[in-house]
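Structure assessment
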Amino acid sequence: DALPILAGFGQMPLVPVQLLWLNLVTDSLPALALGMEPVEPSVMEEKPRSASEPLFTRRFSIRLAWQGLMVGLQALDSWLYDEREYVLSDPTLADATANTMAFATLTFCQLFHAFDVRSETQSIAHIGLTSNPAMNKAFLVGMALQLSVLLIPPLMSVFRVCALTLTEWLVVLGLSLTPLIVCEMEKAIRRAKR
């Protein structure tokens, strides 16, 4: 939220109620579902961790940082997309639509990304979509909740969002899927190097 203000846009991409909703939808059910993820078959082949090794290793911290930055940049890019589209014709519409797109992108991004973090090394295709039914349920509930906020007029006014065009929905979907695709490619490269 601070980056656009520092860049001189004067508006935060998300309002407080959206931030609270985002944390509720993306950090509750998917996190519980990840806790029910089956143990990977190769876990016994891994070397034991040293008792003095920190919980957040350097490699894990770097991966966490670049993936978090990537998700944040997707939301910022969706926000800038509509700021660029409407700023000359209708700045008020630009702010409302850009805010909605950033909100939608960030939420969907995290819901899709939850599938990727199920394994540090294995692809979604290898793990299978049916191996953790709890994740599928958490994803569907999260999507249903987010879509209701973005499509049902009384909820739209509470969460200060506006209707999106088909093109804007496609931009949101494309940006939301990008981290999942990039992370799957990164895992494939790491597996190939091994």
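Cut-offs used in this document
Residues numbered from 1 in each chain as written. Predicted model: local features only at pLDDT ≥ 70, side-chain atom pairs only at ≥ 80, totals over all residues. Heavy atoms only, no water. Salt bridge = Lys/Arg side-chain N within 4 Å of Asp/Glu carboxyl O. Helix = DSSP H or I, 4+ residues; strand = E, 2+ residues; numbered from the N terminus. Buried < 20%, exposed > 50% of the residue type's maximum accessible area, 1.4 Å probe, protein only. Core = buried A, V, L, I, M, F, W, Y, C linked by side-chain atoms within 4.5 Å. Contact = heavy atoms within 4.5 Å. Polar contact = N/O pair within 3.5 Å; in protein donor to acceptor, adjacent residues only side chain to side chain. Patch = residues over 30% accessible without salt bridge, like charges linked within 9 Å, V, L, I, M, F, W, Y side chains within 5 Å. Areas by Shrake-Rupley, 256 points an atom, 1.4 Å probe, with all protein chains shown as cover. Disulfide = S-S within 2.5 Å.

Let's talk about the pattern of salt bridges
As enumerated under the stated definition, the model contains 4 salt bridges in all. Of the charged contacts, one joins Arg 118 and Glu 37 as a salt bridge, the two residues approaching to 2.8 Å between their closest N and O atoms. Here Arg 118 is found in the loop between α5 (91–116) and α6 (124–127), whereas its partner Glu 37 is found in the loop between α3 (29–35) and α4 (58–86), with 81 residues between them in sequence. Overall, the relative accessible area of 16% leaves Glu 37 in the buried class. Sharing partners across several salt bridges, the network here consists of Asp 116, Glu 184 and Lys 187.

Quick word on the nonpolar core
Phe 103 and Phe 108 are the most contacted members of the largest nonpolar core, which has 36 residues in total. Counting residues per element, the ones that place at least two in this core are α2 (16–27), α4, α5, α7 (133–151) and α9 (166–193). Among the elements that make up this core, the one with the highest residue count is α5 (12 residues). For Phe 108, the contacting residues outside a window of four places in its chain are Met 143, Gln 146, Leu 147, Leu 150, Trp 169, Val 172 and Ser 176.

Topic: unusual backbone geometry
The residue Arg 160 is not glycine, and still its phi comes out positive at about 55 degrees. Here Arg 160 lies in the loop between α8 (153–158) and α9. For Arg 160, a relative accessible area of 55% gives the class exposed.

Quick notes on the side chain of Ser 123
Among the secondary structure elements, Ser 123 is positioned in the loop between α5 and α6. Its relative accessible area of 14% is what places Ser 123 among the buried residues. A polar contact of 3.1 Å, which involves the side chain of Ser 123, links it to the backbone nitrogen of His 126. Excluding anything up to four places from it in sequence, Ser 123 contacts Glu 184 and Arg 191.

Digging into a nonpolar patch on the surface
A cluster of nonpolar side chains, namely Leu 29, Leu 32, Val 141 and Leu 145, defines an oily patch on the protein surface of about 320 Å² accessible area. Sorting the residues of the nonpolar patch by element identifies α3 and α7 as the ones contributing at least two each. As for its placement among the helices and strands, Leu 145 is situated in helix α7.

Some thoughts on the state of the cysteines
Taken as a whole, this structure holds 0 disulfides when the rule is applied. Left unpaired, Cys 109 is separated from the closest cysteine sulfur, that of Cys 183, by 9.3 Å. Taking relative accessible area as the criterion, Cys 109 reaches 1% and is therefore assigned buried. Here Cys 183 falls in the buried class, since its relative accessible area comes to 0%.

Shape is all these values report; function is a separate question.
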